[in-house]
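Single-letter residue listing:
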Amino acid sequence: MEEVDVEPTTTPIPGFDSNQKHLGFVWGPGDILVYETIYKASGGSAGGCPFVHEVRKDEDIYSPILRKLFNESHHIFVGLQRIREDLPSKNKKPQFVSISKNYRSVIRACMEELQQVAVSTQDAALATQYGNQVSILLAVELIWNLCEVLFIDAAPAGSLVLHLLDWVRLHKADVDEKAREVLASESPAEHQAYWDVVISYVLQGRMDEARQVLVKQAALQPAARVMFKLLDNLLMKMPIFNPGETQTLTEFDVKWRHWREEVDHCLQDQSFASNRHLEDICKILVGDEDVLLEYKELLSTWYHFLVTRLLFSHPTVKPTELHYYAQSSMHMFLDTRSVPEPLDSILLAAFEFDIHQVIKDCSIALNNWWFVGHLTDLLDHCKLLQSHNLHFGSNLREFLLLEYASGLFTHHSLWQLAVDYFDHCPEFGRVYLELQIERVPLDTERKALKVIRICEQRQMTEQVRSICKIMAKKALRNNRLGSALSWSIRAKDAAFATLISERFLQDYCAKGTFSDLDLIDNLGPAMLLSDRLTFLGKYREFHRLYGEKRFSDAAKLLLSLMTAKIAPHSFWMTLLTDALPLLEQKEVIFSADQTHELMFCLEELTSGKSVPTPDRPMQVLGYTPPYPLSNVCFPFNLLIHCFIICSNLYSCLARG
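Residues numbered from 1 in each chain as written. Predicted model: local features only at pLDDT ≥ 70, side-chain atom pairs only at ≥ 80, totals over all residues. Heavy atoms only, no water.

The name given to the protein chain in an unreviewed UniProt entry is Nuclear pore complex protein Nup85, with Oncorhynchus tshawytscha as the source organism. Under the heading Function (unreviewed entry), UniProt records this for the protein chain: "Functions as a component of the nuclear pore complex (NPC)." In UniProt, the protein chain has this text filed under Subunit (unreviewed entry): "Component of the nuclear pore complex (NPC)." (UniProt positions renumbered as here; feature names shortened; annotations may be inferred.)

**Comments concerning the side chain of R397**
As for its position among the elements, R397 is in helix α18 (residues 396–408). R397 gets classed as buried once you look at its relative accessible area, which sits at 7%. When sequence neighbours within four positions are dropped, the list of residues in contact with R397 reads F77, Q81, T376, D377, D380, H381, H424 and P426. (Helix = DSSP H or I, 4+ residues; strand = E, 2+ residues; numbered from the N terminus. Buried < 20%, exposed > 50% of the residue type's maximum accessible area, 1.4 Å probe, protein only. Contact = heavy atoms within 4.5 Å.)

**Observations concerning helix α6 (residues 194–203)**
With 9 of its 10 residues buried, α6 lies for the most part within the structure. In the segment just after α6, G205 is the residue with positive phi, at about 70°.

**Observations regarding the confidence of the model for the protein chain**
Taken over all residues, the pLDDT of the protein chain has a mean of 81, while the share at 70 or more is 83%. A low-confidence stretch, residues 1–5 stays under pLDDT 50, and its non-local contacts, those more than four residues away or across chains, total 8 contacts. Below pLDDT 50 for its whole length, residues 609–637 participates in 59 contacts with residues either more than four positions away or in separate chains. (pLDDT = per-residue confidence, 0-100.)

**With respect to a nonpolar patch on the surface**
Where nonpolar side chains cluster on the molecular surface, the patch consists of V26, L33, Y35 and V52 and spans about 350 Å² of accessible area. Relative to the assigned elements, Y35 resides in strand β2 (residues 31–40). (Patch = residues over 30% accessible without salt bridge, like charges linked within 9 Å, V, L, I, M, F, W, Y side chains within 5 Å. Areas by Shrake-Rupley, 256 points an atom, 1.4 Å probe, with all protein chains shown as cover. Salt bridge = Lys/Arg side-chain N within 4 Å of Asp/Glu carboxyl O.)

**Digging into the packing of aromatic side chains**
Counting across every chain of the model gives 20 aromatic pairs. Seen from their ring centres, W369 and F399 are 6.2 Å apart, and the 80° between their planes marks the pair as edge-to-face. Of the two residues, W369 is situated in the loop between α16 (355–365) and α17 (370–381) and F399 in helix α18; the sequence distance between them amounts to 30 residues. With a relative accessible area of 25%, W369 lands in the partly exposed category. An aromatic cluster of three or more residues is present, and its members are F70, F77, Y404 and Y421. (Phe/Tyr/Trp six-rings, centres within 6.5 Å; stacked < 30°, edge-to-face > 60°.)

**Some points on empty space enclosed by the protein**
This model, assessed by the stated rule, comprises 3 cavities of 30 Å³ or more. By volume, the second largest cavity amounts to about 70 Å³. Looking at the second largest cavity, the residues that line it are G158, V161, L162, M238, P239, I240, F241, F252, L311 and P315. (1 Å grid on protein atoms, 1.4 Å probe; cavity = no way out; pocket = protein on both sides within 12 Å on 5 of 7 lines; lining within 4 Å. Points joined across faces, edges and corners; volume = space filled by probe spheres on them.)

**Here we look at the packing of helix α3 (residues 124–152) against helix α15 (residues 342–351)**
Working note: a packed helix pair is described by the angle between its axes plus the distance between those axes. For the pair α3 and α15, interaxial distance at closest approach is 10 Å and the crossing angle is 10°. Accordingly, the angle class assigned to the pair α3 and α15 is roughly parallel. Every residue of α15 that contacts α3 at A139, L142, I143, L146, L150 and F151 is listed here: L343, I346, L347, A350 and F351. Here the contact of α3 with α15 is composed, by residue class, of 11 nonpolar, no polar and no charged. (Axes fitted to C-alpha atoms, helices over the stretch in contact; angles between N-to-C directions. Parallel < 35°, antiparallel > 145°, perpendicular 65-115°, else oblique. Nonpolar A, V, L, I, M, F, W, Y, C, P; charged D, E, K, R; others polar.)

**Structural notes on the packing of α3 against α17**
Relative to each other, α3 and α17 sit at 10°, their axes nearing to 12 Å. Between α3 and α17, the crossing angle belongs to the class labelled roughly parallel. In this structure, α3 contributes V140, I143, W144, C147, F151 and I152 to the contact, and α17 contributes W370, F371, H374, L375, L378 and L379. Partitioned by chemical class, the residues of the contact of α3 with α17 number 11 nonpolar, 1 polar and no charged.

The following block contains the structure:
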């Protein structure tokens, strides 16, 4: 798309004077943090302001009612992506039209809810905000409906005017409200808005309703009954093209011209000269543009004027001719000194079949990417945007969807919707998702698991590991060792698992018991992640075997932890202490070879320059020294005791 030659919107910051001080800012993924600096605009410095302001570029995602729009449209979007590409175009067109109507129904539902809230609220500022949102949604639905008629449904000549009439009627519904007011009065024909209702119906091509209201006036004027009957007959006979019938467009055109000549003949005969209103209606039927412009107030917009003009002058207009009538109608209707509103420019671009200009102007005029993203996606599925690619690689559809989804990711709950939008952007969607998913605040473990599930479904291994590491560190900071170990195992982070295993062992030495037994008892193959984690799992298994009085198995496991060098050297003294109750059992637990290996470990431990002190009480496994060791320097008392027991046992086994 071209560079936008428009001035950016100015956002005022409360309490900040740009003439006095400089403003600092930091870009965020969906907003900007703005703060007042200590630097004066004229140079020098002054005291800073303590406030930081958050400037959001898309305020709509924080509206509870508009969030319904985002949620509902997400389901429609996902359904659209499932339409098979290999279906013939003629089979897909009804589906695309149906999807377009679904989008519009969601817009209208949100609009109606906003209107109700705006009326019921007592807060004037809030009512104004809701009113502005209603105005935006009205314009959005108006543009979408026109795009549906011109681009998606692609109505041909004959049907085109009928579709445009429906479009105008849908967005000019005040006529019915005024008609109800007139007909509910005591004397409808004498109501001041009576003729406005009749002529409004005619301007919208609603001849049956116009005839029903005209009957009220005819009953009051018996002398003019013939005149009213003549007009009623003209209204009744007006040809309307019906695409479902066998009548061809040429046959309809001939029939319409005959009717037009009949109406024109009545004007030439001055059949309605005695009643100005009836004469004006007759002139409208022949498409008199001067008379139409006299009723600008009833038409209210240039595009209503355009459709009425086409209905009574060019009912078989072709889509390729629309731009000429649209341009001339806008110039005729609008004051030459007035500048067209953005909505006027967008609608004119649509009548000119300039799809990309419509998208460009909507991107500038609207305050978020919801509309242009979804409309462009639908038009792209209709194969209407295939020739337009952007210079930096991504096509227009993908660019707009990426922008929209990136905005959703800044919201605490809508970020989940954005994932599906990224999934359906084949070129850059995954890259955006990988970057954005790491920015999701992981407030709870439940949310973290939800993010991980999304990543795992898309084989985003690095993101899964990163999230697990973050959660493991959070849990460790909160001293939740079991949760920290679980996350580190899931992250396959051997270094962090080793660190947490050390903390478990330190806690055990300090308290004499293990925490989170369920987790440690069920480590399974995960304990192989690191040597320290393996030792933690096996050491806990030793305690379990000892508690179950399976002393032989416990002794084998304890010895293997030292001989296989799995246990940290600093923990050997604790393990030797754990061996003492097994050595004192009445039955022989350790074999001669095992006892020899145990003594070898003891010798290796004592041969160093310093002997580590046991890190926890010796009474943990029920061991109490048989004689006082208070006069012997600890831990040498323990070493002597171990040596005596092992020597005696070794001698006993040797004699046996």
